[in-house]
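# Structural overview for review
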Amino acid sequence: GQKLLQLMLQRDGWEVMLAVNGQVAVDLTAKQDFACVLMDCDMPVKDGWQATREIREREDAGMSSWSPIVAVTANSMAG
């Protein structure tokens, strides 16, 4: 899923940076501004929910710029 999404975004001209886990996502967003963050809910080390909370806390404290964060998951719902 991640590779496919990366290829689709790059094909449309987006620069894509991948984080191997939630802590890396937190660290990357502290160092660089992003137009949008696609956050995997089930990442290792620190899940997307916790990573998002930490990013938002840092933004609220004025330590970084605000970026939209979109939750992404491979899980599906029955129906």
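To keep things clear, this report deals only with the structure shown in the data block.

Definitions and limits used
- Residues numbered from 1 in each chain as written.
- Predicted model: local features only at pLDDT ≥ 70, side-chain atom pairs only at ≥ 80, totals over all residues.
- Heavy atoms only, no water.
- Axes fitted to C-alpha atoms, helices over the stretch in contact; angles between N-to-C directions.
- Helix = DSSP H or I, 4+ residues; strand = E, 2+ residues; numbered from the N terminus.
- Parallel < 35°, antiparallel > 145°, perpendicular 65-115°, else oblique.
- Left-handed = near helix turned anticlockwise from the far one by under 90°.
- Contact = heavy atoms within 4.5 Å.
- Nonpolar A, V, L, I, M, F, W, Y, C, P; charged D, E, K, R; others polar.
- Salt bridge = Lys/Arg side-chain N within 4 Å of Asp/Glu carboxyl O.
- Buried < 20%, exposed > 50% of the residue type's maximum accessible area, 1.4 Å probe, protein only.
- Disulfide = S-S within 2.5 Å.

## Topic: the packing of helix 2 (residues 22-31) against helix 3 (residues 48-60)
Geometry of a packed helix pair, given as the angle between the helix axes and the separation of the axes. In contact at an axis separation of 9 Å, helix 2 and helix 3 are set at 20° when each is read in the N-to-C sense. The angle between helix 2 and helix 3 falls in the class roughly parallel. In the packing of helix 2 onto helix 3, the handedness of the crossing is right-handed. Side by side, helix 2 and helix 3 meet where G22, A25, V26, T29 and A30 of the first sit next to A51, E54, I55 and R58 of the second. Within the contact of helix 2 with helix 3, the residues separate by chemical class into 5 nonpolar, 2 polar and 2 charged.

## Considering the pattern of salt bridges
Scanning the model with the defined rule gives 2 salt bridges in all. In this structure, E59 engages R56 in a salt bridge whose closest nitrogen and oxygen atoms are separated by 2.6 Å. With E59 and R56 both in helix 3, this residue pair falls 3 residues apart, about one helical turn. Owing to a relative accessible area of 10%, E59 belongs among the buried residues under this scheme.

## Some words on the side chain of Q6
The topology assignment puts Q6 in helix 1 (residues 2-11). You can call Q6 buried: its relative accessible area is 14%. Those residues in contact with Q6, other than ones at most four positions away along the chain, are V16 and L18.

## Structural notes on the environment of L5
One can find L5 in helix 1. For L5, a relative accessible area of 31% puts it in the partly exposed group. Along the sequence, L5 and V16 sit 11 residues apart, while their C-alpha atoms lie 9.6 Å from each other.

## Here's the deal with the state of the cysteines
Summed over the entire model, instances satisfying the criterion amount to 0 disulfides. Between C36, a free cysteine, and C41, which holds the nearest cysteine sulfur, the sulfur-to-sulfur gap is 13 Å. With a relative accessible area of 37%, C36 lands in the partly exposed category.

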